[in-house]
Every structure is written in C-alpha cells, then in structure tokens.
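# Coordinates in review
Each chain, written out:
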Amino acid sequence: MPAHKRILLKLSGEALMGDDAYGINRATIVRMVQEVREITQLGVEVAVVIGGGNIFRGVAGGSVGMDRATADYMGMLATVMNSLALADTMRQEGMTARVMSAIAIEQVVEPYVRPKALQYLEEGKVVIFAAGTGNPFFTTDTAAALRGAEIGAEIVLKATKVDGVYTADPKKDPSATRYTRISFDEAITKNLQVLDATAFALCRDQKLPIKVFSIFKPGALKRVVLGEDEGTLVHV
Ligand SMILES: Nc1ncnc2c1ncn2[C@@H]1O[C@H](COP(=O)(O)OP(=O)(O)O)[C@@H](O)[C@H]1O
Ligand SMILES: O=c1ccn([C@@H]2O[C@H](COP(=O)(O)OP(=O)(O)O)[C@@H](O)[C@H]2O)c(=O)[nH]1
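Every value quoted in this text rests on a predicted model; they were computed, and no experiment measured them. (Residues numbered from 1 in each chain as written. Chains lettered and ligands numbered in written order. Predicted model: local features only at pLDDT ≥ 70, side-chain atom pairs only at ≥ 80, totals over all residues.)

Here we come to the overall build of the protein chain. Along the backbone of the protein chain there are eight helices and nine strands. Taking 236 residues into account, the globule formula puts the C-alpha radius of gyration at 18 Å, and the protein chain, at 17 Å, falls close to it. With the principal axes as the frame, the protein chain shows a C-alpha extent of 50 × 50 × 35 Å. Buried residues in the protein chain amount to 47% of all 236 residues. (Helix = DSSP H or I, 4+ residues; strand = E, 2+ residues; numbered from the N terminus. Rg over C-alpha atoms; globule rule 2.2 N^0.38 Å. Buried ≥ 20, exposed ≤ 12 C-beta atoms within 10 Å, placed from the backbone.)

Moving on, we get to the site of ligand 1. Surrounding ligand 1, one finds 17 residues, the nearest of these being Ser12, Thr160, Tyr166, Asp169 and Gln193. Of the residues assigned to the shell around ligand 1, the class counts are seven nonpolar, five polar and five charged. (Near = placed C-beta within 6 Å. Nonpolar A, V, L, I, M, F, W, Y, C, P; charged D, E, K, R; others polar.)

The next subject is the sheet that holds strand β7 (residues 181–183). What the nine strands build is an open sheet, ordered β4-β3-β5-β2-β1-β6-β8-β9-β7; its pairing is mixed. One side of each edge strand has no neighbouring strand; the edge strands of this open sheet are β4 (110–111) and β7. When strand β1 (residues 6–11) meets strand β6 (residues 155–160), the two strands line up parallel, connected through five bridges. Across the sheet, the residue bridging to Leu9 is Leu157, located in β6. Contacts from helix α1 (residues 26–40) reach β1, β2 (45–50) and β5 (126–130), with the element oriented near 155° to β2. Along the sheet face, helix α4 (residues 114–122) touches β1, β2, β3 (97–101) and β5 and points at about 150° away from the line of β5. (Pairing = 2+ DSSP bridges. Contact = placed C-beta atoms within 7 Å. Axes fitted to C-alpha atoms, helices over the stretch in contact; angles between N-to-C directions.)

Moving on to the site of ligand 2. Lining the immediate environment of ligand 2, one finds 24 residues, of which Gly51, Gly53, Gly58, Gly75 and Gly132 sit closest. Sorting the residues of the shell around ligand 2 by element identifies α2 (58–63), α3 (68–92) and α5 (140–150) as the ones contributing at least two each. Top element by residues in the shell around ligand 2 is α3. It accounts for five residues. For the shell around ligand 2, a count of residues per class yields six nonpolar, 14 polar and four charged.

For β6, the buried fraction is high: six of the six residues fall into the buried class. What you see with β6 is no split at all: Ile155, Leu157 and Ala159 on one side and Val156, Lys158 and Thr160 on the other are buried throughout.

If you trace the backbone, Asn25 turns up in the loop between β1 and α1. Between the C-alpha atoms of Asn25 and Glu122, which are 97 residues apart in sequence, the distance is 31 Å. In this structure Asn25 touches Leu16, Met17, Gly18, Asp19 and Asp20, once residues within four positions along its chain are discounted.

Turning next to the UniProt feature "binding site: UMP" (unreviewed entry) in the protein chain. Mapped onto the present numbering, the UniProt feature "binding site: UMP" (unreviewed entry) falls on Gly52, Asp72, Thr133, Gly134, Asn135, Pro136, Phe137, Phe138, Thr139 and Thr140. A maximum C-alpha distance of 14.1 Å places the annotated residues, which cover 89 residues in sequence, within one compact spot. Within the fold, Gly52 resides in the loop between β2 and α2. By C-beta crowding, Gly52 is classed as buried, having 28 other C-beta atoms within 10 Å. (UniProt positions renumbered as here; feature names shortened; annotations may be inferred.)

And the structure:
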C-alpha cells in the first residue's frame, strides 16, 4: 500500500545528464521514467517538476555578466525542454503525461491551469509542470513547493544527487552525517542547503513535508512512496 495518494516529485535537471557533460542522457531518463511508472502502477497520483541545470543555470549566466532575469528565463526554457523530453519518454513507456507551462508558450505546451491539472491527476495522468514558477530569481525547488501546495500533494519528493539531508554539504565535508528526519525549523536554523530557503519556508508554512532522496539509487522512489526508510524526511 502506498503511503501517499498524491505526490509532487521534483527531479533534478542536472541528474538527467547521467555521465554526460550536459544535456539529457537517454539511459538515465528512461530509467527515471520507469521508476515513475512503477509508482503510478501503485495507484499514486504523480505530478512532476523538473529542473534545468543540465541545460542552463541562471546563476551561471549571471556570473558571466548576463542580466540575471534574462539568464533565469533561459533556465526556465531549459526546464520546458526537459519536461518535453520527460513526457515523450513517458509516452514511449506507455504512460500518459501532460506538460503545463508557467510561462505562455502555447504552440509548444498548454498553459498551467490549476483545475485542469487537478483533473488530469484525477484521471491518472502524470502532470509535468514546466518553466518553474514562471518568475526569475526562483528555483524549481520553489516551483515544486508551490505546485505541491496548490494541487494538495501530501508530500514533496526531492530526487537529487545526494541521498538525503546531511549535517553539512557531503560533497565538501566527508565527515557529514545524514539525518533520517529533521524539522523545518532546524534545517532553516542550521542553514542546510539541500533545498533553497524559499522552498523550505513555503513548505513549512503550508505544513507540506519533504522527502529528500537519491535519484541515482534504483528503487529508492518506490521505497519512499511505500513509506519505507529511505532518504531524509523534513517535517513540521
Ligand atoms: N546539508 C546538506 N545535505 C545534503 N546536501 C547538501 C547539503 N548542503 C548542500 N548540499 C548540496 O546540495 C546539492 C543538491 O541540491 P541542488 O543543487 O538543489 O540539486 P538539484 O539538482 O536536485 O536541484 C547536493 O549536491 C549537495 O552537494
Ligand atoms: O521558478 C523558476 C525556476 C527556475 N528558474 C531558472 O531555471 C534554472 C534551472 O532550474 P534549477 O536550477 O532549479 O534546476 P536543477 O537544480 O534541478 O537542475 C534556475 O537556475 C533558474 O535560472 C527560474 O528562474 N525560476
């Protein structure tokens, strides 16, 4: 029995690269989609927000002198590309997915309309929210928190490059240890960077728990959905 009826899954854009230097690695995206298919087969309603860091990261453009807002719009367009790739891979794997964009780009994908998203979810379709929040200076983590709250998801699942929230950045501090659970307040006070502060604050205010787990570990998503011990739960 799944532990949740409706979830918001945040997939790292950067993880789509697999072992490549940039872009979308075919084997990686297929594997991710197959994992999502497994949880839809459990009867879980799945909405997805995907990042864009494998194609473009706004802060990187900003750091080389590009106007930050322009760079961020490029980042949002990168998430549209990833969303289209994800939806198409889902189609090839026998699933039905709908992409909805936060910025108007209607020849390409339909706009985000909340009641329509809810309808798709009730019909068992996977809904992929593209273009983040539609606003520069935000991240796709914040988009995941926002859409998660809007659609009444029971939890935000952040599938990322690390297998949970650590006492410090595990890539910089090898002695860091992983939390099994941590409260929002503690994570904010300790300034733990695995989700940005805006996303954290939004989830805390809305009492929307977050589970952080590895996107690279086969079977981890299913284990999370079944409520098994996996990753880190950030709770109220
Ligand atoms: N306390 C921490 N616990 C876990 N990861 C952390 C922590 N602080 C920083 N990080 C870093 O956060 C990164 C994941 O966050 P992020 O860059 O948002 O990834 P994503 O591509 O999923 O959006 C990890 O690669 C990790 O190095
Ligand atoms: O609401 C949003 C979501 C994303 N972005 C831009 O899109 C990029 C890609 O998203 P993100 O870095 O969150 O992707 P990920 O870390 O998952 O690869 C960000 O760097 C921002 O430049 C934005 O401006 N507003």
